[in-house]
Amino acid sequence: MENYTGREIAIFTDVHGLYEPLLSILDDIKSRGINEIYSLGDNIGVGPNPSEVLELLFANNVKLINGNNEEYVLLGIDPFSHFFCNNRIKSHEWTLKQLSQEQIEKLKNGKHSYDLLVGGKKIGLCHFGNDVRIDFENSTWSYQTSINYDLSNAQKQFYYTNSDVQKEIIDRYSVYDKSLYAGFASAKRDPLFGSKTIDNYDEVIQGHVHYKFLTEDDKLKIRTIRAVGMAYGDQPLDFASYIIIKEKNIGYDVEEILVPFDREAMLNTINNSTMPYKEKINKYVCK
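The numbering scheme is per chain: residues are counted from 1 as the chain's sequence reads. Selection of residues for local features in this predicted model requires a pLDDT of at least 70, selection of side-chain atom pairs for listing and counting requires 80 or more, and totals for whole chains, interfaces and linings are taken over all residues. To obtain the side-chain values, all non-hydrogen atoms of the structure were included, while hydrogens and water were left out.

Colleague: So what's going on with the pairing of strand S4 (residues 113-118)? Which residues, and what values?
Modeller: Any two strands with at least two DSSP-identified bridges between them are counted as paired. Numbering goes from the N terminus for both helices and strands, where a helix is a DSSP run of H or I of at least four residues and a strand is a run of E of at least two. Relative to strand S5 (residues 121-126), S4 runs antiparallel, the two being bridged by six bridges. Considered in S5, the bridge of Asp115 is made with Gly124. Hairpin connection, S4 to S5: the antiparallel pair is bridged by two residues, and Gly119 has positive phi, about 60 degrees.

Listed below in structure tokens is the structure:
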């Protein structure tokens, strides 16, 4: 018989301004009596309800990690080289206008990572194993390419985080590349994982790339979880997604939960929104 302690932890990621799937999973989490709830970031950006999503998260005492979309608000877009596209800029500016100053101030309380001790095992929570403040584009596409073509690179890339090589690059660019300064300064002030290297953990749980995947070697397990309301892989269109960690006396189990939500209401909200660049979010929510 499994020796469970009764501690359960709910984790989700990448809401991207989609209110309806978030509401459904939070209702499901509450119905299970789970009070320890984490979001791995990118709660805003791309989707039509950034303000409503934040208010729902605040009201439910969700512990927040800031993803790259929160950092666009807090650091500005200059540190992020992928903002070469006018559509991206318009989408970000629209999102920013939907947020109150009070909400932006509360976003400043978001962390870049959390450390959990569950059943004697060390778990690191983050938006992405590479720090998106300083390594957004290379890390994202490297990981996606490694998943699709060469799994051997998937683990190696994450050992770079907080390595001596990365720290040296941060120091160098903090001085010489002023366009990236805000990202590097933030990473130096509050480093991912508190400056520990990623292999100090038994498992790292992340989001960012929107679909689920599990990679591991003899040192580390990296669990990528689905975006809350994105239609990826074999996830049914009408179901939102999150995970529950169930603690044991030694170790833990992880269960993915699929929750039905009002997808038609979500699509109507998108279509009736004043937001620009709707094809971006429609690519994520329609197969």
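Colleague: Tell me about unusual backbone geometry, and name the residues and values.
Modeller: Phi angles above zero are rare outside glycine, and Asp14 is one such case at about 55 degrees. Within the secondary structure, Asp14 sits in the loop between strand S1 (4-12) and helix H1 (19-31). Its identity as a non-glycine residue notwithstanding, Ser195 has a phi of 75 degrees, on the positive side. You can see Ser195 is positioned in the loop between helix H9 (181-189) and strand S6 (203-206).

Colleague: Could you give an account of the pattern of salt bridges, naming the residues involved and the relevant values?
Modeller: For side chains bearing opposite charge, pairing can occur when the charged atoms are close. The salt bridge definition used is simple: a Lys or Arg side-chain nitrogen within 4 Å of an Asp or Glu carboxyl oxygen. If you walk through the whole model with that rule in mind, you get 15 salt bridges. When the shortest N-O distance is used, the salt bridge between Asp131 and Arg133 registers 2.7 Å. Residue class for Asp131 comes out buried when judged on its relative accessible area of 5%. Where Lys212 meets Glu256, a salt bridge forms, and the shortest distance between an N and an O atom there is 3.0 Å. Of the two residues, Lys212 is situated in the loop between S6 and strand S7 (213-216) and Glu256 in strand S10 (residues 252-260); the sequence distance between them amounts to 44 residues. For Glu256, a relative accessible area of 27% corresponds to the partly exposed category. Several salt bridges converge on common partners, so that one network encompasses Arg7, Glu36 and Glu247. Note on classification: 1.4 Å probe, protein chains only; a residue is buried when its accessible area is under 20% of the maximum for its type, exposed when over 50%, partly exposed between these limits.

Colleague: Break down the pairing of strand S8 (residues 221-224) for me, with residues and values.
Modeller: With four bridges joining them, S6 and S8 adopt parallel strand pairing. Looking at S8, one finds that Glu203 is bridged to Lys221. Where S7 and S8 come together, four bridges link them in antiparallel fashion. Paired with Phe213 across the bridge in S8 is Thr224. Linkage of S7 to S8, two consecutive antiparallel strands, is achieved through a turn of four residues.

Colleague: Tell me about the nonpolar core, and name the residues and values.
Modeller: By size, the foremost hydrophobic cluster in this structure holds 40 residues, and its most contacted members are Phe12, Leu22, Tyr242, Ile281 and Val285. Sort the elements by how many residues they give to this core and helix H2 (residues 50-59) lands first, with five residues. What makes two residues a contact is simply this: any of their non-hydrogen atoms within 4.5 Å. Contact partners of Leu22, with chain neighbours within four places excluded, come to Phe12, Val15, Val53, Leu56, Leu57 and Val228. Grouped together as the second largest cluster of nonpolar side chains are 20 residues, Cys126, Phe128, Phe193 and Ile222 included. Think of a nonpolar core as a cluster: buried Ala, Val, Leu, Ile, Met, Phe, Trp, Tyr and Cys residues, connected wherever their side-chain atoms sit within 4.5 Å.

Colleague: Let's hear about the environment of Glu137: which residues, and what values?
Modeller: Along the chain, the position of Glu137 falls in helix H6 (residues 136-148). In contact with Glu137, not counting residues within four places along its chain, are Ser81 and His82.

Colleague: Explain the sheet that holds S5 to me, using residue names and the numbers behind them.
Modeller: Spatial strand order, S4-S5-S6-S8-S7: five strands in an open sheet with mixed pairing. At either margin of the open sheet sits one strand with a lone partner, and together these are S4 and S7. Taken over all neighbouring pairs, the strand axes of this sheet differ in orientation by 20 degrees on average, direction set aside. Here, axes are lines fitted to C-alpha atoms. For helices the fit covers the stretch in contact, and angles between N-to-C directions go from 0 to 180 degrees.

Colleague: Got a sec to walk through the packing of aromatic side chains? Specific residues and values, please.
Modeller: Pairing of aromatic rings covers Phe, Tyr and the six-membered ring of Trp, with a centre-to-centre limit of 6.5 Å; geometry is then stacked below 30 degrees between planes, edge-to-face above 60, and tilted otherwise. Applying the stated criterion across every chain yields a total of four aromatic pairs. A ring has a charge above it when a Lys NZ or an Arg CZ is no more than 6 Å from the ring centre and no more than 35 degrees off the ring normal. Here Lys63 stacks its cationic end above the ring of Tyr38, 5.5 Å away from the centre of that ring. Geometry around Tyr159 places Lys219 over its ring, the cationic atom sitting 4.3 Å from the centre.

Colleague: Report on helix H11 (residues 278-285), specifying residues and quantitative values.
Modeller: Among all positions of H11, only Lys280, Ile281, Tyr284 and Val285 are buried. The buried residues of H11 occupy an angular sector of 120 degrees when projected down its axis, which confines them to one face. Exposed and facing more than 90 degrees away from the buried side of H11 are Glu279 and Lys283. The secondary structure elements touched by the buried residues of H11 are helix H4 (86-98) and helix H10 (263-272). Directions pointing from the helix axis toward each C-beta atom define the arc.

Colleague: Which residues make up the side chain of Asn130, and what values go with them?
Modeller: Structurally, the position occupied by Asn130 is in the loop between S5 and H6. Any N or O atom pair separated by 3.5 Å or less is treated as a polar contact, with the protein-specific requirement of one donor-capable and one acceptor-capable atom, and with residues adjacent in sequence counted only for side-chain atom pairs. There is a polar contact of 3.5 Å between the side chain of Asn130 and the side chain of Asp135.

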